[in-house]
Amino acid sequence: MIDSSTGESEVLTPSCFSLILASGSSARQTLLRDSGVAFTVRTQAIDESLYKEAGRQDGESAASVALRLAAAKAEAVSRETGQRDAFVIGADQMLSCEGEWFDKPVSRQSAREQLCRLRGRTHFLHSAVVLCRGGETVWSHIEEPKLVMRDFSDTFLDAYLEAEGEACFASVGAYRLEGPGIQLFSRIEGEYSAILGLPLLPLFAALRSFSVLVS
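An account of the accompanying structure is given in this report. The residue numbering used here restarts from 1 in each chain and proceeds along that chain's sequence as written. Whole-chain, interface and lining totals are the exception, using all residues; otherwise, since this is a predicted model, local features are given only for residues with pLDDT of at least 70 and side-chain atom pairs are given and counted only at 80 or more. Values reported for side chains reflect all heavy atoms of the structure, with hydrogen atoms and water molecules removed beforehand.

**Considerations on the packing of helix 4 (residues 108-118) against helix 5 (residues 154-164)**
Axes here mean lines fitted to C-alpha atoms, for a helix over just the part in contact, with angles spanning 0 to 180 degrees between N-to-C directions. Secondary structure counts use DSSP, requiring at least four H or I residues in a row for a helix and at least two E residues in a row for a strand, with both numbered from the N terminus. One way to put it is that helix 4 packs onto helix 5 with a least axis distance of 11 Å and a crossing angle of 140°. Taken together, the axes of helix 4 and helix 5 lie oblique to each other. The handedness of the crossing between helix 4 and helix 5 is right-handed. Between helix 4, through Arg108, Ala111, Arg112, Leu115 and Cys116, and helix 5, the contact on the second element is made entirely by Asp154, Leu157, Asp158, Tyr160, Leu161 and Glu162. An angle counts as roughly parallel when it lies under 35 degrees, as roughly antiparallel when it exceeds 145, as roughly perpendicular when it falls between 65 and 115, and as oblique in every other case. Put simply, a crossing is left-handed when the front helix is turned counterclockwise from the back one by less than a right angle, and right-handed when it is turned clockwise. Any two residues whose heavy atoms approach within 4.5 Å at even a single point are treated as in contact.

**Looking at the packing of aromatic side chains**
Geometry of aromatic contacts follows a simple scheme: Phe, Tyr and Trp rings, the Trp one being its six-membered ring, pair when their centres are within 6.5 Å, and the pair is stacked under 30 degrees between planes, edge-to-face over 60, tilted otherwise. Scanning the model with the defined rule gives four aromatic pairs in all. Measuring from centroid to centroid gives 6.4 Å for Phe156 and Tyr160, while their planes differ by 15°, and the two rings are stacked. Taken together, the positions of Phe156 and Tyr160, both in helix 5 and four residues apart, correspond to about one turn of that helix. Ring centres of Tyr175 and Phe185 lie 4.8 Å apart, and the angle between their planes is 80°; on these two criteria the pair is classed as edge-to-face. Taken as a pair, Tyr175 in the loop between helix 5 and strand 9 (185-189) and Phe185 in strand 9 lie far apart in primary sequence, 10 residues in all. For the residue pair Tyr175 and Phe185, the accessibility class agrees, reading buried in each case. Buried means the residue's accessible area, taken with a 1.4 Å probe over protein chains only, is under 20% of the maximum for its type, while exposed means over 50%, and partly exposed covers the values in between.

**Remarks on the layout of surface pockets**
Over the atoms, a rolling probe the size of a water molecule traces out where space has been left empty. Space inside and on the surface of the protein is sampled on a 1 Å grid over the protein atoms alone, with a cavity defined as a set of points where a 1.4 Å probe fits but cannot get out and a pocket as an open set with protein on both sides within 12 Å along at least 5 of 7 lines; lining residues have an atom within 4 Å of a point. Grid points are joined across faces, edges and corners, and a volume is the space filled by probe spheres set on the points. Put simply, the largest pocket is a space of about 750 Å³. What lines the largest pocket is a set of 34 residues, among which Ser25, Arg28, Lys104, Ala170 and Ser171 lie closest to the centre. Those elements giving two or more residues to the lining of the largest pocket turn out to be helix 1 (26-34), strand 3 (40-43), helix 2 (48-57), helix 3 (62-81) and strand 4 (87-97). The element best represented in the lining of the largest pocket is strand 4, accounting for four residues. A class-by-class count of the residues in the lining of the largest pocket yields 14 nonpolar, 10 polar and 10 charged. Just so you know the grouping, Ala, Val, Leu, Ile, Met, Phe, Trp, Tyr, Cys and Pro go in nonpolar, Asp, Glu, Lys and Arg go in charged, and all remaining residues, Gly too, go in polar.

On their own, these measurements won't tell you what the molecule is for.
Written as structure tokens, this is what we have:
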């Protein structure tokens, strides 16, 4: 388990509530921190491959599996914290392209192969976010940004992989839109925070409805 705290101002979060982000993703933490929301970070490991394999066998959509993963992560942290009144944010993201699911690459070669398969095609990011309290999910949401990858050259691809290095391994798509990865695309449809893996606008609306954020 990872347990860490932010040092941000709590001006937008009532002190009577504790907000926990169940994600080790630096992109998600930065999105939430920069929005002015006070939170702590706690993570609990789960075997994502089991959920994905079960989803494939049951014929579930990538969006459904993303929601299951987000809920599993948040519920695990919610049960372990001992703070039954705390709200725990869980998030996960799946990538699908014409029915094929993609996972985070584990090497430069697998990142190259993945980007070659996505090149010139349209794919979707299934970005799930949930809120848990007392070990149970009390709210969930899915957004599905659409991204069109341009037909880039092999020369560009090799230069991109060299520039990004191991950063490619941190993303399900082998790219960071907040970095050189933006140059891979010809068109993007979807809210920026959802593409980065944490749909902030619906999350904030839910937090306001639970009085976790000031209305």
